[in-house]
Number of protein chains: 4
Amino acid sequence: MNERRKTRQPWNSFQVRKRDPEVKRDAVLLTAAHLFLEHGYRRTSMSELATRLNITKPALYHYFQNKEEIVVECYRRGIAVIENGLDNVLVSPSDGFHKVKAYVQAYATAIVQHEFGRCVAMLDDGALSQGTRREVRALKRRIDATLRSYIEQGMKDGSIAACDAKLAAFAIAGAVNWIGTWYQPGGPLTAEVIGAQFASLLTDGLHGSGNVSSAAGLARRDQTNARDRTASSGD
Amino acid sequence: MNERRKTRQPWNSFQVRKRDPEVKRDAVLLTAAHLFLEHGYRRTSMSELATRLNITKPALYHYFQNKEEIVVECYRRGIAVIENGLDNVLVSPSDGFHKVKAYVQAYATAIVQHEFGRCVAMLDDGALSQGTRREVRALKRRIDATLRSYIEQGMKDGSIAACDAKLAAFAIAGAVNWIGTWYQPGGPLTAEVIGAQFASLLTDGLHGSGNVSSAAGLARRDQTNARDRTASSGD
Amino acid sequence: MNERRKTRQPWNSFQVRKRDPEVKRDAVLLTAAHLFLEHGYRRTSMSELATRLNITKPALYHYFQNKEEIVVECYRRGIAVIENGLDNVLVSPSDGFHKVKAYVQAYATAIVQHEFGRCVAMLDDGALSQGTRREVRALKRRIDATLRSYIEQGMKDGSIAACDAKLAAFAIAGAVNWIGTWYQPGGPLTAEVIGAQFASLLTDGLHGSGNVSSAAGLARRDQTNARDRTASSGD
Amino acid sequence: MNERRKTRQPWNSFQVRKRDPEVKRDAVLLTAAHLFLEHGYRRTSMSELATRLNITKPALYHYFQNKEEIVVECYRRGIAVIENGLDNVLVSPSDGFHKVKAYVQAYATAIVQHEFGRCVAMLDDGALSQGTRREVRALKRRIDATLRSYIEQGMKDGSIAACDAKLAAFAIAGAVNWIGTWYQPGGPLTAEVIGAQFASLLTDGLHGSGNVSSAAGLARRDQTNARDRTASSGD
DNA sequence: GATGAATGAGCCTTCATTCAT
DNA sequence: TATGAATGAAGGCTCATTCAT
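These remarks concern the structure in this document.

Rules used throughout
Residues numbered from 1 in each chain as written. Chains lettered and ligands numbered in written order. Predicted model: local features only at pLDDT ≥ 70, side-chain atom pairs only at ≥ 80, totals over all residues. Heavy atoms only, no water. Least-squares fit on C-alpha atoms with pLDDT ≥ 70 in both. Contact = heavy atoms within 4.5 Å. Helix = DSSP H or I, 4+ residues; strand = E, 2+ residues; numbered from the N terminus. Buried < 20%, exposed > 50% of the residue type's maximum accessible area, 1.4 Å probe, protein only. Polar contact = N/O pair within 3.5 Å; in protein donor to acceptor, adjacent residues only side chain to side chain. Near = heavy atom within 4 Å. Buried area = accessible area lost by both parts, 1.4 Å probe. Salt bridge = Lys/Arg side-chain N within 4 Å of Asp/Glu carboxyl O.

Let's talk about the relation of the copies chain D and chain C
Logical step 1: Each copy of the sequence occupies a distinct position, and chain D is placed on chain C by a rotation of 179 degrees and an axial shift of 0.0 Å, giving an RMSD of 0.2 Å. When the rotation and shift are considered jointly, the pair of chain copies conforms to a two-fold rotation axis.
Logical step 2: Comparing interface residues between copies, 100% of those in chain D also lie at the interface in chain C; the contact surface is shared.

Next comes the structure, spelled out in structure tokens:
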């Protein structure tokens, strides 16, 4: 509960009492991520950010050197959140196909649950300076590389049919990243539902999983519920 | 060949003073689409566009009232290109599954082949004015609705497993729209290859198509080639 | 009727048939005066004028060298209209007081009846170039000088009480020029009514004319009607 | 004296960095009013205003959101100045005729003495946006309504001859507003002289006040002086 | 440490005017 | 003669960033 409140009005930390600077930095980042996702990086002005945080513009420059440094930090946290989720996949000893499936689920969940995660998926890095863009892209690529390696592993161990691993990775990453485009934080779709559906759709395809196991049956039930609950979502 | 050249340096058309004005409008749009895709809508200034076209800034206002009118026209043409491609799907009398597959192929092809198509997929409509945004979104939604209707048809005719049609459509559309993010016009990947691969991946899943037909064998060969040729692509 | 139509859609002359160029110049001037009075000189663009006349912009430059030349000609015609009206005053052999009275009536009538007359009263000559402004001001001053001379004559012949002739002239001219600010061409007030009322108010004052003659009685009746009919006018 | 200097070169206030922000706003407004009256609203650019104030253009946007907000504030202050002057008229318990006379004097004085007052009389509100124009016109109308009510009262109590109150109000307001057209701040005419003369001319007419009282005699002497001193004024 | 004020650079747009045809 | 196209100059406004206090 308390957690929730902080998330929704992080700028309060500035007013209520003096906290340690790390908390303030966090508040700035969270609000910034919010605005960046809502209006885009370019269209979010430092003034707007400051206003939302109930502080003055120069105060922002106390915590961050640049507007750019703010986004970059959003990116970094987002990447961390995502990679954290993906780490769980690595430990499970399974074939490539199931690793990809778990990957999708983890990635989608991270993007749905964390604003920073959505920043990674949605923010246009074209506005960044060259140096920064390089860093951000390197981070992103690391995630892509992981996915590609799973796919390649799957092709080797026979769990995935021969295909262009790069294209397959692009397709999957695209579908997942795109979530940020239509996902509405307050909506009826939970991270679990989205994650499960995407994992199934992007690995099993539209026919559903080949052997209808009990797991598949369960999944299908979930999907049905999801459909019902979603009825009114979308933009 | 000659055609190709004009496409790549459309601003040349302005060198000659008297020309069919429609040709010039086209040149503006093509160059604009180019720049919008490269730097984003906001970061592309009218000055830059004019410079690239070897004309002065006010001359642009001869052909378009607004900067916004330029993007909107890009959007419109993109939508037209895409819907044109999708029309071929409609005529083929087949089950929902195969319609979706054909849809993916057609959509992906349109996005890869036409800059305007990529504009639809990539440009952030958040920079538009309310009225214009509404129009653009209505157009986009029409495409999404088509896809969703195919999925629903597939679930009815049994060719597609039960799932949340809305989520499935989002996944597919996301994967395809994302192509604009990584696709490099000069690269080795052809529209056919990308289209075929995406169609297969997003409908059959990673296991590949159930019955390995000769067609599937052919596809697999293509994919392998694609992978080799792509080796150095990506951002 | 025919007259009326020409006044309201003078640009038709361009379309219907080729007339001698003088007619076209007139059409331009009339439309220009219209727009200048409606939106002001600066806010009326040559494009707008051309559009209203159903001709192209460069065509305007065929009849006039400048935008400025257009207004100047409006001024000139307006001055001519006014001075024409004032000439009738000169011939009548009477004392200064009655000359002023007749002057007011004539001036007010000219301003109410002719758009060019209103241009003289309303258009801000601050937008003109120095040379042109000098000419226009000289023309205007001539009118003012006439009024002042009447007032001075009146003071000499005893029909007007001692006062600062310059200030008195300013007061009268201001009241009359201001008519253009509130006068609505289609409204219920006729030129005669306005002229008579202003002549009376600005010379006799608010007490009315000293000796209530039959003429005064008539005037009073007119005024009452005017008031009734005006009820809803004004901006 | 010191006060006077500040009024004439208000932009000096900006030289000192830290100042009461209200003072700076005032300086901007005063300089703006100056320029607006000199060149007109449209022809006064924000650059020019900034230059005159020895600041940069964007600094202006610290104190006002818009160019329009600057004029509107000029209007508001002008209206306040005028209504303030008119309030004194209300208290005096007299007939309509004398109220009108006092009104003219007060109005004329306000316009002559305050640049903001002159803004109300002179600035063309046609350049304003619809919403703003509505506000300004409503304010202006309030002043006009006051005058009209005095005239109507005068007609009822018999101190003013029957006439069209609306036209009479227009005539008087026009004469007074026009003052801004010819009045030169540095010239020899004082506010008192102008106010007294206009009050007399616009209510008593050119014959002078009916009963020549000692007051009238005094007035006549003032007028004579005024004329002498004015000799070189006018535009 | 925090703030009100200020700035330089840049962007979209308008307009009177002139070519080239 | 008449026109579609083009232009130079300027204007209002925004924004990330930095002083001076």
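Observations regarding the side chain of N177 of chain C
Logical step 1: Topologically, N177 of chain C is positioned in helix α10 (residues 165–177).
Logical step 2: Of the residues examined, N177 of chain C reaches a relative accessible area of 8% and is grouped as buried.
Logical step 3: In terms of polar contacts, N177 of chain C uses its side chain to reach the side chain of Y107 of chain C, at 2.7 Å.
Logical step 4: Excluding anything up to four places from it in sequence, N177 of chain C contacts Y107, I111 and A121 of chain C together with W178 of chain D.

A closer look at the protein's contact with DNA strand F
Logical step 1: Near DNA strand F, the surroundings consist of 35 residues, among which T56, H62 and Y63 of chain B, H62 of chain C together with K67 of chain D are the closest.
Logical step 2: Near the protein, meaning within 4 Å, the atoms of DNA strand F are sugar or phosphate in a fraction of 60%, with bases accounting for the rest.
Logical step 3: M46 of chain A is positioned such that a nitrogen or oxygen atom in its backbone is 2.8 Å from a phosphate oxygen of DNA strand F.
Logical step 4: For the surface near DNA strand F, the secondary structure elements donating two or more residues are α5 (57–63) of chain A, α2 (21–39) and α4 (57–63) of chain B, α5 (57–63) of chain C together with α4 (57–63) of chain D.
Logical step 5: Here the surface near DNA strand F gets five residues from one element, more than from any other, and that element is α5 of chain C.

Overview of the interface of chain A and chain B
Logical step 1: Listed per partner, the contact involves 51 residues of chain A and 50 residues of chain B.
Logical step 2: Both sides of the chain A and chain B interface together cover about 4300 Å² of buried area, and 63% of this is carbon and sulfur.
Logical step 3: The largest per-residue losses of area from chain A upon contact with chain B belong to R43, W178 and L206 of chain A, which jointly make up 18% of the total buried on that side.
Logical step 4: Linking chain A to chain B there are two salt bridges.
Logical step 5: Between R43 of chain B and D124 of chain A there is a salt bridge, and its shortest N-O distance comes to 2.6 Å.
Logical step 6: On the surface where chain A and chain B come into contact, there are ten residue pairs in polar contact (both at pLDDT 80 or more).

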